[in-house]
Amino acid sequence: DWRFRWGGRAETTILLNALCLRCFYHLIAVHYGACQRGLRDGGLSNLLLVLSTEQLVLDIESMSSISKPEVHSFIRYLSYGSETKTPDPALQPLLSLGRDQLGVPCLHVLSSNRERNLLSLQARVEKRSFDESSRLFEHQMVARLAQHIPEKWVTRCNAMPLGRTGEELDMVIADTESRTLLICELRWMLQPGDPREVGERRMACHEKVSQLERKVQWAQANLQGVLSRTLDQTVDDATQWRVEGVVVIANYGGARSRRREIPIMTTSIFELGMARTVDLAAFAAWSQKLDWLPQEGVHFEIRSNEYDLEGSKLTVPGMVRLQSPGAYLKHVERSLASPGEFI
């Protein structure tokens, strides 16, 4: 479980729900009153809740049974511009209106992905704390992936520090039949919420490829010892083994790897490949062939959108999805259908 400054996940969820309940009550009250008086659009233009900070704290305290100092901290944390030089109204929706007055955009609060946004805010203003707590998500990711690896293969997680660097091999899978050692570099990510975060996630993917390339080279140079520790037995001829690598990403579609021999794939694609390939050599060959990637003109299309800005046109490149996620997964399954290599 991740933790915030107000306690555990349960306490944080209670605070978020209490804020949403206050917003929901205001929405219903305004809409009902607008309908009673025949106002156009149900009073949507009046849905901004304006009240004092102290009143909002008292409301949330009464609905959550969480102490007033913790609620005050929660309100400050969600106030626009607090503790950050790059504020985002999606992450900090509470607006200071002066004289200790707050504006709460109720529809915005109710329609947002609240827990995701709070995690994203923590990643911005408390990066060290977020990085420490995100390891818990990574442990859950490792446990989930391990469940999809066939029992006939040997799996080791968070093993074998690399010399003096302190780095570890996130996941090592050994297949004695095909004499293949697969090193997996894992990364749990928070879903990006804007173009800047998309760029950050892409950069993180490329950094993972560089890290894995270094780890694969280290494993090749120390193959005898790596195999012995992975298999818990001495390997007579390590030269017969091959070392492969793959970067596995959770919660983000990933980016195309700059190195074909070290592909980047999502957890769902990795799990499907693990379930359908007969040996690790076949999995490595399939992952590096890249037939499983979405195809332009089939699964998506690049289009440009034009916006009129006071007589000037702004052209913004974009992408349109042409098929559903389910149709794309069928495409991945077809890429796994080569006879003799896959189940």
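Residues numbered from 1 in each chain as written. Predicted model: local features only at pLDDT ≥ 70, side-chain atom pairs only at ≥ 80, totals over all residues. Heavy atoms only, no water.

Q: Could you give an account of the pattern of salt bridges, with specific residues and numbers?
A: Inspection of every chain in the model, using the stated rule, returns 20 salt bridges. Arg22 is the salt-bridge partner of Asp59, the closest N and O atoms lying 2.6 Å from each other. With Asp59 in helix H2 (residues 53–64) and Arg22 in helix H1 (residues 9–37), the pair connects residues that are 37 residues apart, well separated along the chain. Taking the shortest distance from any N to any O, the salt bridge between Glu197 and Arg116 comes out at 2.7 Å. Taken together, the positions of Glu197 in helix H7 (residues 195–221) and Arg116 in helix H5 (residues 114–125) put the pair 81 residues apart, joining distant regions of the chain. The same class applies to Glu197 and to Arg116, which are both buried. Salt bridges sharing common partners tie together Asp88, Arg116, Arg124, Asp194, Arg196, Glu197, Glu200 and Arg201. (Salt bridge = Lys/Arg side-chain N within 4 Å of Asp/Glu carboxyl O. Helix = DSSP H or I, 4+ residues; strand = E, 2+ residues; numbered from the N terminus. Buried < 20%, exposed > 50% of the residue type's maximum accessible area, 1.4 Å probe, protein only.)

Q: Any chance you could break down the sheet that holds strand S7 (residues 242–250) for me, citing the residues and the numbers?
A: The strand order S4-S5-S6-S7-S8 describes an open sheet built from five strands, whose pairing is mixed. Bordering the open sheet on either side are strand S4 (154–159) and strand S8 (264–266), each of which pairs with just one other strand. Across the sheet, the mean angle separating the axes of adjacent strands is 30° when strand polarity is ignored. The strands touched by helix H9 (residues 267–276) within the sheet are strand S5 (169–175), strand S6 (180–188), S7 and S8, with S8 carrying the most contacts at an inclination of about 90°. (Pairing = 2+ DSSP bridges. Axes fitted to C-alpha atoms, helices over the stretch in contact; angles between N-to-C directions. Contact = heavy atoms within 4.5 Å.)

Q: I'd like a description of H2, backed by residues and values.
A: For H2, spanning twelve residues, the distance from its first C-alpha to its last is 16 Å, which sits close to the expected 16 Å at 1.5 Å a residue. Of the positions making up H2, those classed as buried are Thr53, Leu56, Val57, Asp59, Ile60 and Ser64. Summarising the axial view, the buried residues of H2 lie within an arc of 160°, below the 170-degree limit, and thus occupy one face. Ser65 sits one or two residues past H2 and shows a positive phi near 60°. (Expected span 1.5 Å × (residues − 1). Arc of directions from axis to C-beta.)

Q: I'd like a rundown of a nonpolar patch on the surface, residues and numbers included.
A: Taken together, the side chains of Leu21, Phe24, Ile28, Tyr32 and Met63 present a nonpolar region at the surface, about 500 Å² in accessible area. The element best represented in the nonpolar patch is H1, accounting for four residues. Within the secondary structure layout, Leu21 lies in helix H1. Judged by its relative accessible area of 47%, Leu21 is partly exposed. (Patch = residues over 30% accessible without salt bridge, like charges linked within 9 Å, V, L, I, M, F, W, Y side chains within 5 Å. Areas by Shrake-Rupley, 256 points an atom, 1.4 Å probe, with all protein chains shown as cover.)

Q: Just give me the short version of the sheet that holds strand S1 (residues 48–52), but keep the residues and values in it.
A: Taken together, three strands build an open sheet; the order of strands is S1-S3-S2 and the sheet is antiparallel. Two strands lie at the open edges of the sheet, namely S1 and strand S2 (95–98), each paired on one side alone. In this sheet, neighbouring strand axes are inclined to one another by 30° on average, regardless of whether the strands run parallel or antiparallel. Pairing of S2 with strand S3 (residues 101–105), which is carried by three bridges, proceeds in the antiparallel orientation. Note on S3: the bridge partner recorded for Leu95 is Gly103. The strands that H2 touches are S1 and S3; relative to S1, the one it contacts most, it runs at about 100°.

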